[in-house]
Amino acid sequence: DTEVTQTPKHLVMGMTNKKSLKCEQHMGHRAMYWYKQKAKKPPELMFVYSYEKLSINESVPSRFSPECPNSSLLNLHLHALQPEDSALYLCASSPDRLSGNTIYFGEGSWLTVV
Amino acid sequence: DAKTTQPTSMDCAEGRAANLPCNHSTISGNEYVYWYRQIHSQGPQYIIHGLKNNETNEMASLIITEDRKSSTLILPHATLRDTAVYYCIVRLGNNNDMRFGAGTRLTVKP
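Residues numbered from 1 in each chain as written. Chains lettered and ligands numbered in written order. Predicted model: local features only at pLDDT ≥ 70, side-chain atom pairs only at ≥ 80, totals over all residues. Heavy atoms only, no water.

Draft legend 1. Representation of the sheet that holds strand β1 (residues 9-13) of chain B in the model. All names here are of chain B. Pairing within the open sheet is mixed, and its 5 strands lie in the order β1-β9-β8-β3-β4. Each having just a single partner strand, β1 and β4 (45-50) make up the two edges of the open sheet. Sheet twist, expressed as the average angle between the axes of neighbouring strands with direction ignored, equals 25°. Where strand β8 (residues 84-91) lies against strand β9 (residues 104-109), 3 bridges are found, and the strand directions are antiparallel. Within β9, the residue paired with Ala 84 across the bridge is Leu 106. (Pairing = 2+ DSSP bridges. Helix = DSSP H or I, 4+ residues; strand = E, 2+ residues; numbered from the N terminus. Axes fitted to C-alpha atoms, helices over the stretch in contact; angles between N-to-C directions.)

Draft legend 2. Spotlight on the packing of aromatic side chains. Enumeration over the complete set of coordinates arrives at 12 aromatic pairs over all chains. Centroid distance A:Phe64 to A:Tyr89: 5.8 Å. Interplanar angle 35°. Geometry classified as tilted. Highlighted residues: A:Phe64 in strand β7 (residues 64-70) and A:Tyr89 in strand β9 (residues 87-94), separated in sequence by 25 residues. Classification of A:Phe64 as buried rests on a relative accessible area of 5%. Cluster of aromatic residues (ring-pair linked, three or more members): A:Tyr33, A:Tyr35, A:Phe105, B:Tyr32, B:Tyr34, B:Tyr36, B:Tyr46, B:Tyr87 and B:Phe100. Between B:Arg91 and the ring centre of B:Tyr34, over which it is positioned, the NZ or CZ distance is 3.9 Å. (Phe/Tyr/Trp six-rings, centres within 6.5 Å; stacked < 30°, edge-to-face > 60°. Buried < 20%, exposed > 50% of the residue type's maximum accessible area, 1.4 Å probe, protein only. Lys NZ or Arg CZ within 6 Å of the ring centre and 35° of its normal.)

Draft legend 3. Representation of the sheet that holds strand β7 (residues 70-75) of chain B within the structure. Residue and element names in this part refer to chain B. Reading across from one edge, β2-β7-β6-β5 is the order of the 4 strands in this open sheet, with antiparallel pairing throughout. The open sheet is flanked by β2 (18-23) and β5 (55-56), the only strands paired with a single partner. Pairing geometry for strand β6 (residues 61-64) and β7, over 4 bridges, is antiparallel. Each residue of the ladder has a partner; that of Ser 61, found in β7, is Ile 74.

Draft legend 4. Layout of the pattern of salt bridges. Residues and elements named next belong to chain A. This model, assessed by the stated rule, comprises 6 salt bridges over all chains. Its salt-bridge partner being Arg 63, residue Asp 85 comes within 2.7 Å of it at the nearest N-O pair. Of this pair, Asp 85 sits in the loop between β8 (73-79) and β9 while Arg 63 sits in the loop between β6 (53-57) and β7, and the two are 22 residues apart along the sequence. Through salt bridges with shared partners, a single network forms among Lys 36, Arg 63 and Asp 85. (Salt bridge = Lys/Arg side-chain N within 4 Å of Asp/Glu carboxyl O.)

Draft legend 5. Layout of the interface of chain A and chain B. At the junction of the two partners, chain A supplies 25 residues and chain B supplies 22 residues. Carbon and sulfur atoms supply 48% of the area that chain A and chain B bury against each other, a total of about 1800 Å² over both sides. Counting every contact that joins chain A to chain B gives 1 salt bridge. Among the ionic pairs, A:Glu58 bridges to B:Arg99, the shortest N-O distance being 3.1 Å. In this structure, the connection of chain A to chain B is made through 7 residue pairs in polar contact (both at pLDDT 80 or more). At the level of secondary structure, the elements contributing two or more residues to the side of chain A that touches chain B comprise β4 (31-37), β5 (44-50) and β9 of chain A. Among the residues making up the side of chain A that touches chain B, the classes are represented as 13 nonpolar, 7 polar and 5 charged. (Contact = heavy atoms within 4.5 Å. Buried area = accessible area lost by both parts, 1.4 Å probe. Polar contact = N/O pair within 3.5 Å; in protein donor to acceptor, adjacent residues only side chain to side chain. Nonpolar A, V, L, I, M, F, W, Y, C, P; charged D, E, K, R; others polar.)

Treat this as a map of the structure, not an account of what it does.
Encoded structure:
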């Protein structure tokens, strides 16, 4: 089983709303990632968690707040977003951050900010 | 991570082999070459990876030149379902984080 599950698949939110994207994996992976992908562009790395601790924040605005409550779950809390934040948000996981490990991606959550 | 260069787009006839090149001339000794693909509106899908030796799995073959400065992903019998954006990524050995380049848009035609 190499499945990373993301919910919801689609989310529409207003600029004053607070919402969350969720990601779950049951492969025992200890590294988890958030990516953002705009239309016709490659995915961009946002955050990296390793053993439930934030390892990398790629200078992401504070309106995006990641959380890793346990080794299987990764959340992305959204607050006061802008229309330009509309994108596909991808979650991924790998056994750890060491060399040679494969990263597995979920199908993504499509976010529209109105 | 080492920079990679891929053609923007390629076409391939259905049933023929698709050969996707990637240049990574600044690769260092402990960096792996990974290939992923992304079919429209789906998450990236892992295809194959290698360090020095050629690799083959049920999806594809990866040919890495002896100097490791370039590689080729081979889909032996392309189907219409192989139409996707293919990403070649070189990742530092001690840092598993993946950063994507622009990729190659492969179109398989009937």
